[in-house]
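# Coordinate analysis (summary)
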Amino acid sequence: MSLTRFNLPPWDGRALLDRDAEERDPDLIRNAWAEADARLLQVDLDSRFTIEPFGVPTTGELSDDIAFLGRVHGASWFAQRVEQIDGITIRDGRLSDLQYQVVSAALAVLNWHKNTRFCPRCGGQLRYINGGFAAVCVICGREHFPRTDPAIIVAVLDQDDRIFLAHQSVWAVNRVSILAGFIEAGESAENALHREVAEEAKLKIDACRFLGSQPWPFSRSLMLAYVARSHSSGQVDQVELEWGHWYSRADVDQAVSAGRLNLPGPGSIAAQVIEAWREGTLPAPED
């Protein structure tokens, strides 16, 4: 019932957004802004944006708060934070592969700008360069770059191919997902997987398989997805996780239909992994 390969569009192939690393000279970026087909993606303070239209023509002056994302089929794309938009978030919207990549890049760099304004070495003001994807301290001259925090996310299955779904107390009522957690300093992804599921749900992992990765810019994560097998009964910590249970496919179908479970939105890697398990196309953890 399982496959040897797990497809994870749009993150498992060649990028549709060309980061255009060779064109990040300030003059070249200003010229790109002035091109007739250049586009600007505006994202509000709650990370909302619109897909109709997706991006607006660039107008006016190129200001310091606008980041250069790269090019799509030769057209330049920029991103800017604005106060409020009547739109959607990447969590809940159903986007094209290109839209996912553009929005992920925009959110990542704009969140970095929002949270990184001063040099951690000397406290000096940062000046953004390279189209916003780097910064230099105006006092000590040290360069800084956006950080990525790796995290694991894992679909744990039991011997009957049931999946373990859990609920955090800070989530909306009945919202569930698979288990996840950040990788600590000096820890491998697999070490983190074993540690996190043991801490959060008292599950011992017998086998695991890497599925793929997804950038998740809330605020700067890189989600490393796995499927794993456990013969443990499982018990949530009731600290980070409020409750969690094993579910068969029929259990999930019935609970979702009745409104007793709310699964992750379509923009997340968790949604793709859970959907593949429901369809019987998720690879088995065992080699």
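Residues numbered from 1 in each chain as written. Predicted model: local features only at pLDDT ≥ 70, side-chain atom pairs only at ≥ 80, totals over all residues. Heavy atoms only, no water.

### Some details on the environment of Arg-142
One can find Arg-142 in the loop between β6 (134-137) and β7 (143-144). Note: C-alpha distance between Arg-142 and Cys-122 (20 residues apart in sequence) is 9.3 Å. The residues contacting Arg-142, other than those within four sequence positions of it, are Arg-121, Ala-135, Val-136 and Cys-137. (Helix = DSSP H or I, 4+ residues; strand = E, 2+ residues; numbered from the N terminus. Contact = heavy atoms within 4.5 Å.)

### Topic: the sheet that holds strand β5 (residues 126-129)
Strand order in the open sheet formed by three strands is β5-β6-β7, and the pairing between neighbours is antiparallel. Pairing within the sheet leaves two strands with one partner each, and these edge strands are β5 and β7. Bridge count for β6 against β7 is two bridges, and the pairing is antiparallel. By the bridge assignment, Val-136 is partnered in β7 with Glu-143. (Pairing = 2+ DSSP bridges.)

### Some words on helix α5 (residues 269-279)
Three or more residues of α5 are buried, namely Ile-269, Ala-270, Ala-271, Val-273, Ile-274, Ala-276 and Trp-277. Buried residues along α5 sit in contact with β8 (149-157), β9 (163-168), β11 (205-216), β12 (221-230), β13 (241-247) and α4 (249-258). Directly beyond the C-terminal end of α5, a positive phi value near 80° is found at Gly-280. (Buried < 20%, exposed > 50% of the residue type's maximum accessible area, 1.4 Å probe, protein only.)

### Topic: the sheet that holds strand β2 (residues 56-57)
Two strands in a sheet stick together by hydrogen bonds in their backbones, pointing the same way (parallel) or opposite ways (antiparallel). Reading across the sheet, the four strands line up as β2-β1-β4-β3 and stay open at both edges, with mixed pairing between neighbours. In the strand order of this sheet, the two ends are held by β2 and β3 (66-72), each with one partner. Pairing analysis gives two bridges linking strand β1 (residues 39-43) to β2, with the strands arranged antiparallel. Bridging from a neighbouring strand, Leu-40 pairs with Val-56 of β2. Taken strand by strand, helix α2 (residues 97-115) contacts β1, β3 and β4 (75-81), and its axis lies near 160° from that of β3. (Axes fitted to C-alpha atoms, helices over the stretch in contact; angles between N-to-C directions.)

### Regarding the pairing of β9
Counting buried residues in β9 gives six out of six residues, a clear majority hidden from the surface. In β9, alternate side chains face the same way, and those of Ile-163, Leu-165 and His-167 on one face and Phe-164, Ala-166 and Gln-168 on the other are all buried. The sheet contact formed by β9 and β13 spans six bridges and is antiparallel. Residue pairing for β13: Ile-163 is matched across the bridge by Tyr-247.

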